[in-house]
Amino acid sequence: MKYRFTNLAAALLIGIVLSSCAAANDWWASEVVSYSRLGNSPYDNPLAVLGKPSTWMNSSGSPNDTYPCAVSMVSAAWNVGLTGEKLITTIKTKSSTLPAGQITVKFAAPIYDDPQNWYGKDFIAFGNGFFNFGGSYVYSSTDMDSLPIYAYSEQSGFWEPMPVSVSQDGVTWYSFANGPYADDYAPTQAFAWDWVENRWLKNSAGTEVELEFTRPVDPSLTVTSFNQKSVAQGIDLYKGSGGGTAFDLEDLPDLPADPGTGLKWIQYVKVDGTGGEVDAFARVSHQIAPISIGEAKKLDDGTNIVLSDVVVSSETYATGRSCYIQQADRSSGIKLMGRILGKGQKLSAVYGKTDTIGGERVILATSVLAEADEQGNNITADVRPLGMTNNVAAGTGLSTKGLLVRTCGRVKSVDSNAKSFVVGDGSNHEIKCLAPRNTKAAEPNNGLIPDPDFVLPGEDDFVVVTGINSSENTDNQQVSIIMLRSSDDMQIK
């Protein structure tokens, strides 16, 4: 819910605590300075433009659909939120007798023309525009991987562009006279899409994974970049961004710079009405550099990351309803949630958030960019396992969880019901090996049950096994396991 403090005592109380870090937490406009000629209810509340952009609305507006609906690039914020809160504010256009309406907001700390920001942009305005799409309605349960975007021209969407101007003192204004505009491309996209479960991606707490509202959409994209893409594919083009129209203070040649930093800056943003809507305003965060999987594993849950130079070591469903990726140099590996990818597929970039599920570090994918040749075909690589003893696979010394590994030894026991067997190599650790999952079953069982065609080894057989090094919780203990990906991952010698 969007809100602002109206109780002076409460504001003073938290001000003591937050004064030293106000700038770091000041992502959204914090105050409505003035407004005029707003829309009719429920689009008449000026305070609805404060705080972060809307993520849920009380329904999609589709016939007989009374369920809550997420805000997306094909289903823009409208009506009210889940608890009846007003989401967006209409700014009326001028009439024959009245001037255009306007709304002016202030950020608690200045916004600078910071070259470290994503794509060099400085602030974002969110409206309720959306792409044209195939079909009459978007429902709360619509499969976004099956819904095509029709964006064959720059007009292929519902946009109501409104002029934007900025100020340092609320008195002298500098206008983006030729755009960009508020309530224009790019539409708000609240959540990441889970291609495996065909729903919005969820984290370990069962909460939908929000995209970054302080990260602009890649400015090299235009409306037509999304033509004939599914909504799920369109979300990938956003590269983790939550959408909105981004503005660069560098585009204002007359805007004065701060004498101390040499950077242009503002603190006020004004939107003049043409009948469009405003949802929120955000400052842009600093761009993050790609890191390795090993570095990502050390970060707190919920941290935004970008990975590069990775390859799919276990295709989706082979070891469960997820896939595994590892660095091309085999230095580290990790489970990737929400993606359907093939073994050996090379990925130029993975955008996502860190999480821990069942004691295992995972990446919740918000966008995945596959390497492709000139014909658009995915580029693959030969994924080689890392040979090791059971001691190392069990975590003695090096952390090998998530990596594609190979070990060998005698079969100590076989569980035909669980389709698993235990291998010992004479060291202090024995490794439990799980049969590959069934990749041929119909949804939603794909990846959940063992492959019925997999033949278990016999006790005392000497085997060489290849698979993903992981662990499972057995009797409240973490047990080291190797998850085979196919029948080819076991050889009986």
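What you see as residue numbers is a count from 1 along each chain, following the sequence as written. Under the rules for a predicted model, residues below a pLDDT of 70 receive no local features and side-chain atom pairs below 80 are neither given nor counted, while totals for whole chains, interfaces and linings still include all residues. Neither water nor hydrogens contribute to the side-chain values; these are computed over all heavy atoms in the structure.

Student: Could you give an account of the nonpolar core, with specific residues and numbers?
Tutor: Buried Ala, Val, Leu, Ile, Met, Phe, Trp, Tyr and Cys residues form a nonpolar core when they are joined through side-chain atoms within 4.5 Å. Relative accessibility under 20% of the residue-type maximum defines a buried residue, over 50% an exposed one, and the middle range a partly exposed one, all with a 1.4 Å probe and only protein chains included. Counting residues in hydrophobic clusters, the biggest one holds 40 residues, and the most contacted among them are V74, F131, Y185 and F226. When residues of this core are traced back to their parent elements, those giving at least two are β3 (69–70), α3 (231–237) and β22 (360–370). It only takes one pair of heavy atoms within 4.5 Å for two residues to be counted as in contact. Setting aside anything within four residues of it in sequence, one finds V74 in contact with F130, F131, F133, V138, M144, L147, I149 and V231. By size, the runner-up hydrophobic cluster in this structure holds 27 residues, among which are L50, V166, F176 and A182. Each helix is a run of DSSP H or I of at least 4 residues and each strand a run of E of at least 2, with the numbering of both proceeding from the N terminus.

Student: An account of the environment of R330 is needed here, citing residue identities and associated values.
Tutor: By the element assignment, R330 lies in the loop between β19 (323–327) and β20 (333–337). In sequence terms R330 and R384 are 54 residues apart; their C-alpha atoms lie 8.2 Å from each other.

Student: Mind laying out the sheet that holds strand β6 (residues 123–126), listing which residues take part and the relevant values?
Tutor: Strand pairing is defined by DSSP finding a minimum of two bridges between the two strands. One open sheet accounts for three strands, arranged β13-β6-β16; its pairing is antiparallel. Two strands in the sheet have a free side with no partner beyond their single neighbour: β13 (245–247) and β16 (280–283). Each adjacent strand pair in this sheet contributes to an overall mean axis angle of 20 degrees, direction not counted. In this sheet, β13 lies alongside β6 in antiparallel orientation, the contact comprising three bridges. Bridge pairing in β13 links F123 to F247. Under this scheme, a helix contributes an axis fitted over its contacting stretch, all axes are lines through C-alpha atoms, and angles between N-to-C directions fall in the 0 to 180 degree range.

Student: Could you give me a rundown of the sheet that holds strand β5 (residues 102–112), with the residues and numbers involved?
Tutor: Strand order in the open sheet formed by five strands is β1-β5-β14-β9-β10, with antiparallel pairing between adjacent strands. Single-partner strands in this sheet number two, and they are β1 (31–36) and β10 (173–175). Between one strand and the next, the sheet's axes are offset by a mean angle of 25 degrees, whatever the strand orientation. Note that β5 and strand β14 (residues 265–272) share seven bridges and pair antiparallel. By the bridge assignment for β14, K106 is matched with Y268.

Student: Which residues make up the pairing of strand β9 (residues 164–167), and what are the values?
Tutor: Of the two faces of β9, the one carrying V164 and V166 and the one carrying S165 and S167 are both buried. Inspection of the sheet shows β9 paired to β14 by four bridges, in the antiparallel sense. Paired with S165 across the two strands is K270, which belongs to β14. Sheet topology places β9 next to β10; three bridges connect them, and they run antiparallel. Among the inter-strand pairings, S167 is bridged to a residue of β10, identified as W173. Linkage of β9 to β10, two consecutive antiparallel strands, is achieved through a turn of five residues, within which G170 is found at a positive phi near 80 degrees.

Student: Account for the confidence of the model for the chain, naming residues and giving values.
Tutor: Confidence of the prediction at every residue is given by pLDDT, a number between 0 and 100. Scored by pLDDT, the chain has a mean of 91; 94% of the residues are at 70 or more. Predicted confidence is poor over residues 1–24, with pLDDT under 50, and the contacts of this stretch with residues over four places away or in other chains come to 22 contacts.

Student: Any chance you could break down the packing of aromatic side chains for me, citing the residues and the numbers?
Tutor: A pair of Phe, Tyr and Trp rings is counted when the ring centres sit within 6.5 Å of each other, with Trp represented by its six-membered ring. The angle between the planes then sorts it: under 30 degrees is stacked, over 60 is edge-to-face, the rest tilted. As enumerated under the stated definition, the model contains 16 aromatic pairs in all. Measuring from centroid to centroid gives 5.7 Å for W118 and Y119, while their planes differ by 50 degrees, and the two rings are tilted. Accessibility expressed as a relative area gives 4% for W118, which makes it buried. Y119 sits in the partly exposed class, given a relative accessible area of 25%. Geometrically, the ring pair formed by F131 and Y185 is tilted, given 6.3 Å between the ring centres and 50 degrees between the ring planes. Placement of the pair is F131 in strand β7 (residues 130–131) and Y185 in the loop between β10 and β11 (193–194), with a sequence separation of 54 residues. You can call F131 buried: its relative accessible area is 0%. Taken together, F131, W159, Y185, F226 and Y238 form an aromatic cluster joined through their ring pairs.

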